[in-house]
Amino acid sequence: MTISSIFNAQKSNHGVLRARSSQQRIRQLQALRAKLIHRKRDICDAQNKELKTCDMDTEAQLMMLNIEIDFICKHLSRWMKPRRVKNSQATMGKKCYIQYEPKGSVLNISTWNAPIAINIMPIIGALAAGNSAIIKPSELAPHTATVTSEIISAIFPRNQCAVFEGGPEIAQELLNHPFNHIYYTGGHRVGRIVMKAAAENFSDITLEMGGKNPAIIDATAEVSNAALKLAWGRMANAGQVCIGPDYILVDQMVEQSFISAAKAALIRLYNPRGYGFKNCAEFPRLISDSHFERVKGLIDDAISKGAILEFGGEYDAEQRYISPTILSGVSDTMAIMQEEVFGPVMVVIGCENSEQMLSAIKRQHKPLALYIFSKNRSTINYFLHNTSAGSTVVNHNLIQSGTNPNLAFGGVNHSGTGRIGGFQSFLEFSNPRSIVESPLGWRDININFPPYSKIYKKL
Ligand code: NAD
């Protein structure tokens, strides 16, 4: 079936979807969860073929989906009820409430770095809110795209939810349709294309993009603890995590001890028995040759401009492998500070004080995530109050995403717009319609109807 015919079939089905009770929606979401669990082995195998992702990392993505489905199923009946709001003087005697209604047709253009999670996560909220949905997985994760398509078609009729596999040409064709909401995850270049396409139809939009996420380590931080956590955060998925710490601003007083601790942490996490990082099952590959070349180019450029290779820097182009790498002495003139690294490179920048760290952060766009490692409450507050980011973790990293549906996930400006997670997902794909019901009869005839001369006479 063509994209247009599915789009139109979904549109014709909106009345039915909207009328479904919370229990009907919940039953479908529970069936989706059961199918994801049932196909766990296939999903793990698919992601292993694409990124050499280990089972545990794929299971972590499935766990996030499980948490989201559980939470939404638990609260959906309440969220779907009209929410009565207080009256103001001007609405006295009337009934005021907010009714969440589905937006209609939702499109999810997904990416490849956590493909099963990103293909499915947004549509949980979209379907819970009573919308139809089309998923366009990334062509760079084609095995997961196929499993996603099989799972979705096993649970949902195509006039409710469908998957279109393929590359940019499929995304472009989809974008020619007047979706009510477009959800996009990926880089800035395509984000601009998606935003322009959304503008053509005044579609609502969520953009989940990336950027340069700073991590701050002040002189009071527990350095070896921070090093272990950041080594994990930076090297998870070989650095291909949107909320990964992109560059580390460390107080010069503790810079050397941080670098030593980070080296030890990398060995402890990814080469504990000395068999080599390349043989570590928990250390994946870069997704494509062009991503491999891009990350290698960033490392080479930084070294040619004076950065110090503290650790790693080994490559195997055939396997798209770059070993866990630490660079210090990095400056803004290097390409590595002008784009998101999205690879297994820890960029360390020594700073004299908090003001210097803040000015480095301000030279970049507002990030998706910002991390602060410190024992000093006033330093923590200084960075919280003087910066902006989609999310922040104090004394850890990466743990804010997919772990607690009471938190919202999303970016700011260049790192994205819109929020999902728990109630935010329901809200993101709903229209909160304000309804005022006036009593029947003459009681509510406004005193300020014309002729206004009556009012002036009273004043
Ligand atoms: P991308 O932007 O190249 O591709 C993403 C999607 O866009 C794919 O489905 C692709 O088919 C589609 N696409 C590509 N060209 C297109 C075109 N011309 N028109 C329409 N659609 C097109 O993906 P990428 O840049 O390799 O993804 C990595 C980026 O994603 C990183 O910046 C990362 O930070 C970001 N990311 C963000 C989040 C988040 O939740 N904020 C999560 C994961 C990844």
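- Taking an unreviewed UniProt entry as the reference, the protein is identified by name as Aldehyde dehydrogenase belonging to Microbulbifer spongiae.
- According to the UniProt record, the Sequence similarities (unreviewed entry) comment for the protein reads "Belongs to the aldehyde dehydrogenase family."

Concerning the overall build of the protein
Piece 1. Helix and strand content of the protein: 16 helices and 18 strands.
Piece 2. For the protein, whose C-alpha radius of gyration is 25 Å, the value lies close to the compact-globule estimate of 23 Å for 459 residues.
Piece 3. C-alpha atoms of the protein, sized along the principal axes, occupy 80 × 60 × 35 Å.
Piece 4. Across the 459 residues in the protein, those meeting the buried criterion constitute 46%.
Piece 5. Put simply, 71% of the contacts in the protein that link residues at least 6 apart link residues at least 24 apart.

Considering the site of the ligand
Piece 1. The environment of the ligand is made up of 26 residues, and the closest members are Ala 171, Gly 186, Gly 187, Gly 210 and Cys 242.
Piece 2. Of all the secondary-structure elements, those providing two or more residues to the shell around the ligand are α8 (168-175) and α9 (188-201).
Piece 3. Residue contributions to the shell around the ligand peak at three residues, all from α8.
Piece 4. Of the residues in the shell around the ligand, the class split is 10 nonpolar, 12 polar and four charged.

Side note on the UniProt feature "domain: Aldehyde dehydrogenase" (unreviewed entry) in the protein
Piece 1. In this numbering, the UniProt entry assigns the feature "domain: Aldehyde dehydrogenase" (unreviewed entry) to residues 9-434.
Piece 2. The span residues 9-434 carries 44% helix and 18% strand; its end-to-end C-alpha distance comes to 29 Å.

Focus on the pairing of strand β14 (residues 345-351)
Piece 1. Among the seven residues that make up β14, six are buried, leaving the element largely enclosed by the rest of the structure.
Piece 2. Here strand β9 (residues 247-251) pairs with β14 via four bridges, running parallel. Bridge pairing in β14 links Val 250 to Gly 350.
Piece 3. In the sheet, strand β13 (residues 325-328) pairs with β14 via three bridges, with the strands oriented parallel. Its bridge partner being in β14, Thr 325 is matched across the sheet by Val 345.

Comments concerning the UniProt feature "active site" (unreviewed entry) in the protein
Piece 1. The UniProt record marks Glu 208 with the feature "active site" (unreviewed entry), using the residue numbering of this structure.
Piece 2. Given 27 C-beta atoms within a 10 Å radius, Glu 208 is considered buried.
Piece 3. If sequence neighbours within four positions are ignored, Glu 208 has contacts with Tyr 184, Thr 185, Gly 410, Gly 411 and Gly 416.

Considerations on the sheet that holds strand β17 (residues 416-417)
Within a beta sheet, neighbouring strands are joined by backbone hydrogen bonds and run either parallel or antiparallel to one another.
Piece 1. Reading across the sheet, the six strands line up as β5-β4-β3-β6-β7-β17 and stay open at both edges, with mixed pairing between neighbours. Of all strands in the sheet, those bounded by a partner on one side alone are β5 (161-163) and β17.
Piece 2. Pairing analysis gives three bridges linking strand β4 (residues 132-136) to β5, with the strands arranged parallel. Bridge assignment links Ala 133 to a residue of β5, and that residue is Cys 161.
Piece 3. Where helix α1 (residues 3-12) meets the sheet, its contacts fall on β3 (105-109), β4 and β5, and the angle it forms with β3 comes to roughly 140°.
Piece 4. Most of the contacts of α8 go to β4, to which it runs at about 155°, and overall it touches β3 and β4.

Description of the environment of Lys 278
Piece 1. Mapped onto the secondary structure, Lys 278 falls in the loop between α11 (252-270) and α12 (289-304).
Piece 2. Measuring from C-alpha to C-alpha, the distance between Lys 278 and Glu 314 comes to 9.5 Å, with 36 residues separating the pair along the chain.
Piece 3. Each residue touching Lys 278, except ones within four places of it in the same chain, is listed here: Asp 316, Tyr 321 and Ser 323.

A closer look at the environment of Gly 166
Piece 1. With respect to the helices, strands and loops of the structure, Gly 166 is situated in the loop between β5 and α8.
Piece 2. When the C-alpha atoms of Gly 166 and Leu 398 are compared, they prove to be 30 Å apart, with 232 residues separating the residues in sequence.

Digging into the nonpolar core
Piece 1. Ile 217, Ile 248, Ala 262, Val 330, Val 347 and Val 348 are the most contacted members of the largest nonpolar core, which has 68 residues in total.
Piece 2. With eight residues, the single largest contributor to this core is α11.
Piece 3. Residues contacting Val 347, with those up to four places away along its chain left out, are Asp 246, Tyr 247, Ile 248, Leu 327, Val 330, Ile 336 and Val 341.
Piece 4. One finds Ile 43, Leu 65, Ile 124 and Leu 175 within the second-largest nonpolar core, a separate group that totals 55 residues.

Examining the pairing of strand β16 (residues 391-394)
Piece 1. Burial along β16 is one-sided: the residues Ser 391 and Val 393 are buried and none of Thr 392 and Val 394 is.
Piece 2. Each parallel crossover has a hand, and for strand β15 (residues 369-373) linked through helix α14 (residues 377-386) to β16 it is right-handed.

As for the sheet that holds strand β2 (residues 95-102)
Piece 1. Ordered by their spatial adjacency, three strands build an open sheet running β1-β2-β18, and the pairing between neighbours is antiparallel. Each of the sheet's edge strands pairs with one partner strand only, and the pair in question is β1 (83-84) and β18 (430-437).
Piece 2. Note: β1 against β2, two bridges, orientation antiparallel. If you follow Arg 83 over to β2, its bridge partner there is Ile 98.

Some details on the environment of Leu 51
Piece 1. Inspection of the secondary structure puts Leu 51 in helix α4 (residues 40-51).
Piece 2. Judged by local crowding, Leu 51 falls into the buried class, with 25 C-beta atoms found within 10 Å.
Piece 3. Here Leu 51 is in contact with Asn 237, Pro 284, Arg 285 and Ile 287, once residues within four sequence places are set aside.

Here's the deal with the packing of α4 against helix α7 (residues 142-155)
Piece 1. Between α4 and α7, whose axes approach to 7 Å, the crossing angle comes to 160°. The angle between the axes of α4 and α7 places the two elements in the roughly antiparallel class. By crossing handedness, the relation of α4 to α7 is classed as left-handed. The residues of α7 that touch α4, namely those facing Asp 42, Ile 43, Ala 46, Gln 47, Lys 49 and Glu 50, are His 143, Thr 144 and Val 147.
Piece 2. Its residues assigned to classes, the contact of α4 with α7 comprises three nonpolar, three polar and three charged.

Brief notes about α4
Within an α-helix, residues lying three or four positions from one another point in the same direction, as the helix has 3.6 residues per turn.
Piece 1. Along its 12 residues, α4 runs 16 Å from first to last C-alpha, staying within 8% of the 16 Å computed at 1.5 Å per residue.
Piece 2. Every buried residue of α4 is accounted for by Ile 43, Cys 44, Ala 46, Gln 47, Glu 50 and Leu 51. Seen along its axis, α4 keeps its buried residues to an arc of 160°; they face one direction.
Piece 3. Residues of α4 that are buried in the fold lie against α5 (55-80), α6 (115-128) and α7.

About the criteria used
Residues numbered from 1 in each chain as written. Predicted model: local features only at pLDDT ≥ 70, side-chain atom pairs only at ≥ 80, totals over all residues. UniProt positions renumbered as here; feature names shortened; annotations may be inferred. Helix = DSSP H or I, 4+ residues; strand = E, 2+ residues; numbered from the N terminus. Rg over C-alpha atoms; globule rule 2.2 N^0.38 Å. Buried ≥ 20, exposed ≤ 12 C-beta atoms within 10 Å, placed from the backbone. Contact = placed C-beta atoms within 7 Å. Near = placed C-beta within 6 Å. Nonpolar A, V, L, I, M, F, W, Y, C, P; charged D, E, K, R; others polar. Pairing = 2+ DSSP bridges. Axes fitted to C-alpha atoms, helices over the stretch in contact; angles between N-to-C directions. Core = buried A, V, L, I, M, F, W, Y, C linked by C-beta atoms within 7 Å. Right-handed = clockwise from strand over helix to strand, strands pointing away. Parallel < 35°, antiparallel > 145°, perpendicular 65-115°, else oblique. Left-handed = near helix turned anticlockwise from the far one by under 90°. Expected span 1.5 Å × (residues − 1). Arc of directions from axis to C-beta.

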